[in-house]
Structure formats: C-alpha cells, structure tokens
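# Remarks on the overall topology
What follows is each chain in one-letter form.
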Amino acid sequence: MDFPSKGLGQDAEIPPARPVPGAGPSGVDRFLSLQLSISLGLSDTELDAIKFLCRDKIKKRKLEMLQTGRELFSILMEQQLIAPDKLGFLKELLQHISRDDLLTLVVQFEQGELHVQDDQPDEHEKRLLKAAFDVIHDNVGREWKKLMRELGLPEVKLDKVEAAYPFNLEEVVFQALREWQKWKGKDAKVADLIKGLRGCNLNLVADKVEEKI
C-alpha cells in the first residue's frame, strides 16, 4: 500500500487550537464520543494509513501493537497531540486520508454541538454493527452487491463505491456497508443486515453474524 511520504506538519498548515464550548466533564464526554465515532468509521486500510502518518510521533513497537482507532487516540492523548481544545493534528490526519465526513464531526465538536452526530444508531447498536460488518466483510466477497440491493441501498451509491475502489474487493465491501449505515442513519440495525443476508440465501454468513454478536 502506498501512503503519503510527507511528514505531518511540514507543508500542511495546522489550525490553531481554540477553546471548546462546554469544556470540563461534559467536554471530555463529548470528546470520547467523538473518538469512538471516528474509530468505528475507519476501515483497516485507513487505520493503517493513519498509523503510517504517525510513525514520527509514536514508537514503532507501539504502532505495531495498535489494533483500533481508540487505542491510537489514547496514545495521541497521552502524548498531548490531541485534546478537546487541540484538534489540529487530528483534523490533519483525517484530511490526509480524505475522510471529509469524519472531519465534519470534528468541526461539529469544535462548534460545541451537544451530540457528535444526531442521526446515528446508539453506541450499543454501533458496536453490534461493527461486529456484523467485520463478519460480512470477511465472508460475503463478490456477493456484496446482491446484499446491498437486498438492503435497498440506491444503485448510484453502489456505483460510487465500486468506482472508488475498482481493484480492492475487501475495501468495496467495507465502504458499501458504511454507505448503507450512513444512508439508514439511526435506523441502521443489525437485524436488517441479518434479514438481508438471509434474503440473499447467505445463511451461513447470517449465522456467523448472529454468533458474533
């Protein structure tokens, strides 16, 4: 995989830190919620890219042990590279991996919104969806488009995902699932995924999802 070779902070301008409305206990809670939303939204490929971009900030051994975005953010907080009132580095990371949707969440946080994102499943459902996505990602393969159509995802969104990752089936599957979750918003449910899998006669995959959650 090819990642950007420029070190962070060399050519890109990092926005200055500014106070966050509602700082204190409520600010910390919102910041943890922000980190969780970003972590759940990252694919393995994108997490690897961010780890690569942090190679001059975090020791190699620590980077190799990181498995989730939450673990990475914890280290960045420990090293005071990110904080509720210090989000420039985080925004730059998201810019480098072209995740404008996640960058928008950071901007919303800076503006002092009470919730990171209103139209999303609750945190419990998000964790279930993440577990289901992992199973589907590993098992659906070339049946992904059939599943997405069963779930009702518009054809234009399928074409967009396929065009963005023409040679990476695994990433196509992950991004298609993420598009479906964004499209459904707070109504995205694991039960719908299982029903969709069974509607496509992907019963073994549906069974694995039920076992995982």
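Residues numbered from 1 in each chain as written. Predicted model: local features only at pLDDT ≥ 70, side-chain atom pairs only at ≥ 80, totals over all residues. Heavy atoms only, no water.

### Overview of helix α6 (residues 100-110)
Taken as a whole, α6 has its buried residues at Leu 102, Leu 103, Leu 105, Val 106, Phe 109 and Glu 110. Angular distribution of buried residues about the axis of α6 spans 150°; they occupy a single face of the element. (Buried < 20%, exposed > 50% of the residue type's maximum accessible area, 1.4 Å probe, protein only. Helix = DSSP H or I, 4+ residues; strand = E, 2+ residues; numbered from the N terminus. Arc of directions from axis to C-beta.)

### What about the packing of aromatic side chains?
The full count for this structure, using the stated rule, is one aromatic pair. On the numbers, 5.7 Å between centres and 45° between planes, the contact of Phe 31 with Phe 109 is tilted. Here the residue Phe 31 occupies a position in helix α1 (residues 25-41), and Phe 109 occupies one in helix α6, the gap between them amounting to 78 residues. Pair check on accessibility: Phe 31 and Phe 109 agree, each one buried. Directly above the ring of Phe 52 sits Arg 55, whose terminal nitrogen or CZ lies 4.3 Å from the centroid. (Phe/Tyr/Trp six-rings, centres within 6.5 Å; stacked < 30°, edge-to-face > 60°. Lys NZ or Arg CZ within 6 Å of the ring centre and 35° of its normal.)

### Structural notes on the environment of Glu 210
Structurally, the position occupied by Glu 210 is in helix α12 (residues 203-212). Classification of Glu 210 by relative accessible area gives partly exposed; the value is 40%. C-alpha separation for the pair Glu 210 and Ala 132, spaced 78 residues apart in sequence, amounts to 8.2 Å. Every residue in contact with Glu 210, bar those within four places of it in the chain, is listed here: Ile 194 and Arg 198. (Contact = heavy atoms within 4.5 Å.)

### A few points about unusual backbone geometry
Backbone geometry at Gln 80 places phi at a positive 60°, although glycine is not the residue there. Summarising the element assignment, Gln 80 is placed in the loop between α4 (69-78) and α5 (88-96). Positive phi outside glycine occurs at Ser 98, with the angle close to 60°. You can see Ser 98 is positioned in the loop between α5 and α6.

Any link to function would need more than the numbers given here.
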